[in-house]
Amino acid sequence: MSLTLSNSREWMERAQDWMPGGVNSPVRAYKAVGGTPPWIKRGKGAYIWDEDENQYIDYVGSWGPMIVGHAHPEVVEAIQQTAALGTSYGAPTSNEVRIAQKINEFFPSIEMVRLVNSGTEATMSAIRLARAATKRDKIIKFSGCYHGHADSFLIAAGSGAMTFGVPSSPGVTSGTAADTLLAEYNDLEGVKELFAQNASQIAAVIIEPIPGNMGLIAPADGFLQGLRTLTEQEGALLIFDEVMTGFRVAPGGAQELCGVEPDLTTLGKVIGGGLPVGAYGGKRKWMELIAPSGPVYQAGTLSGNPLAVAAGMKTLELLQRDGFYEGLEAQCQKLEEGLRGNLKELDLPLQINRFGSMICLFFSEQPVVDFATAKQTDTKAFATYFQLMLEQGIFLPASQFEALFVSASHSDEDIARTVEANKKALAQVFQK
Ligand SMILES: *Cc1c(COP(=O)(O)O)cnc(C)c1O
């Protein structure tokens, strides 16, 4: 089977004149895998269709949000009904209270919440709050963890143990970079050293408790618990960035799965049900520092936007229906088992990591446990594999360093077709 992408190619060419790289978010341009990205026209359930009417089984799910599938009739209805009443007032609406309560049902650690418009805004605001709460400037982040595109987070891993970050994007000042300290995921000793070298200067440790932005990686036994104890001892806040893992690895995110309670949590993706939303929240004593109840300024013209809240609220309601997570887990298990079966049959020692409805196939023969091992994956083989899957109508994240997102609308047949395509693609990549 081969794919005709002529309409997509035309749009991509036209787009180059009007948007940097032809896109509004870099990974959509397919730089890591090559070829023309399909331009998407519509979606329904587990499927999306491109401008050439090719149909795909979608495992991108808008990079996480579409956990109930595309254009779910109840979500669409909620958005339509809300839109008919007006789309934004710049004044409080009752649904904002309902969703705040709803978020607390999933995340008991979020006693109070502030809605924003993206995950980036959520993490950016959470560290401002942590800095204000502790009267300290520095933060610790982990190499390979992504927290959106705010300046403080665009700090890459350098070689060796780094005391001062180096900006990994032009435009980030060295002053900002210097306030972001880098640690290695799963290396508690390294974090202890940073605290020792920067006594009473660290406001917060921010982490993807289960990282999904360097591929999907598991926390080592005791690592998150160790961070909890350490931050408490040192008077720093622990921030779990659950923009991706929230509602995904477990209903209550990684904090539920791992039994570790952070001071602050950031959310996004799923809570917007496909519309732009982010949120940060946590213990009341911290959140009361936010304006207007406290002095830490943070605002937003469209924050708590009625449409986004309606879509998010309906999505969270669907997640709470009987059997939702059991059904989703069953499909994800089938997918994992199918992929593992293929690896066994083809005698390929590749790695599969899965938590809930996130699953990642690493082109690596050794376990992937941190940024260093993630970087050793064979990204060339991944790119070839990616194209072979796309040709067979399977839409995967266009990067080795992203997880697949499964939705509740992926049927047995979709999973079977995916496993079959995977076998063919792997056999071709590795010439088996
Ligand atoms: C996607 C993501 C963000 C950024 O969210 P945006 O809505 O893209 O700004 C932050 N943190 C994590 C863990 C993410 O996966």
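These lines cover the structure that appears in this document, whether it is placed above or below.

What counts as what
Residues numbered from 1 in each chain as written. Predicted model: local features only at pLDDT ≥ 70, side-chain atom pairs only at ≥ 80, totals over all residues. Heavy atoms only, no water. Pairing = 2+ DSSP bridges. Helix = DSSP H or I, 4+ residues; strand = E, 2+ residues; numbered from the N terminus. Near = heavy atom within 4 Å. Polar contact = N/O pair within 3.5 Å; in protein donor to acceptor, adjacent residues only side chain to side chain. Nonpolar A, V, L, I, M, F, W, Y, C, P; charged D, E, K, R; others polar. 1 Å grid on protein atoms, 1.4 Å probe; cavity = no way out; pocket = protein on both sides within 12 Å on 5 of 7 lines; lining within 4 Å. Points joined across faces, edges and corners; volume = space filled by probe spheres on them. Axes fitted to C-alpha atoms, helices over the stretch in contact; angles between N-to-C directions. Parallel < 35°, antiparallel > 145°, perpendicular 65-115°, else oblique. Left-handed = near helix turned anticlockwise from the far one by under 90°. Contact = heavy atoms within 4.5 Å. Salt bridge = Lys/Arg side-chain N within 4 Å of Asp/Glu carboxyl O. Buried < 20%, exposed > 50% of the residue type's maximum accessible area, 1.4 Å probe, protein only.

Here we take up the sheet that holds strand β2 (residues 47-50). Spatial ordering of the open sheet is given by β1-β2-β3-β13, a layout of four strands whose pairing is mixed. With one partner strand each, in any of the chains shown, β1 (40-44) and β13 (394-395) form the two edges of the open sheet. The sheet contact formed by β1 and β2 spans four bridges and is antiparallel. What sits directly across from Arg 42, in β2, is Trp 49.

A few words now on the site of the ligand. Around the ligand, the surrounding shell consists of Ser 118, Gly 119, Thr 120, Tyr 146, His 147, Gly 148, Glu 208, Asn 213, Asp 241, Val 243, Met 244 and Lys 269. Between the ligand and Tyr 146 there is a distance of 3.3 Å, counted from a nitrogen atom to a backbone nitrogen or oxygen. Of the residues assigned to the shell around the ligand, the class counts are three nonpolar, six polar and three charged.

Glancing now at empty space enclosed by the protein. The final tally for this structure, using the stated rule, is three cavities of 30 Å³ or more. Here the largest cavity is characterised by a volume of approximately 120 Å³. Around the largest cavity sit 15 residues that line it, and Leu 361, Phe 382, Tyr 385, Leu 396 and Leu 404 are the ones nearest its centre. Contributions of two or more residues to the lining of the largest cavity are made by β12 (358-362), α13 (379-391) and α14 (412-429). Considering every element that reaches the lining of the largest cavity, the biggest residue donor is α13, with three residues. Here the lining of the largest cavity is built from residues that sort into 10 nonpolar, four polar and one charged. Empty space within the second largest cavity amounts to approximately 50 Å³. Lining the second largest cavity are Gly 45, Ala 46, Asp 58, Gly 61, Met 66, Gly 69, His 70, Arg 248, Phe 405, Val 406, Ser 407 and His 410. Split by residue class, the lining of the second largest cavity holds four nonpolar, six polar and two charged.

Here the focus is the packing of helix α6 (residues 188-197) against helix α7 (residues 223-234). Two packed helices can be described by the angle between their axes and the distance between those axes. Running from amino to carboxyl end, α6 crosses α7 at an angle of 15 degrees, the nearest separation of the two axes being 10 Å. Between α6 and α7, the angle is such that the two are roughly parallel. Pair α6 / α7 crosses with right-handed handedness. Where α6 approaches α7, its residues Leu 188, Val 191, Lys 192 and Phe 195 are matched on the opposing element by Phe 223, Gly 226, Leu 227, Leu 230, Thr 231 and Glu 234. Class assignment of the residues belonging to the contact of α6 with α7 gives a composition of six nonpolar, two polar and two charged.

Attention now goes to the environment of Lys 135. Tracing the backbone through its elements, the reader meets Lys 135 in the loop between α4 (119-134) and β5 (138-142). Separated by 66 residues in sequence, Lys 135 and Gln 201 have C-alpha atoms that sit 8.5 Å apart.

One pass over the structure, following the stated rule, counts 14 salt bridges. For Arg 321, the salt bridge goes to Glu 74, with nearest N and O atoms at 2.8 Å. With Arg 321 in the loop between α10 (306-319) and α11 (324-345) and Glu 74 in helix α2 (residues 73-83), this pair connects stretches of sequence that are 247 residues apart. Taking the relative accessible area as the measure of exposure, Glu 74 reaches 26% and is therefore partly exposed. Arg 354 is paired through a salt bridge with Glu 329; the nearest N and O atoms lie 2.9 Å apart. Of this pair, Arg 354 sits in strand β11 (residues 351-355) while Glu 329 sits in helix α11, and the two are 25 residues apart along the sequence. Where salt bridges share partners, they join Arg 228, Glu 232, Asp 263 and Lys 283 into one cluster.

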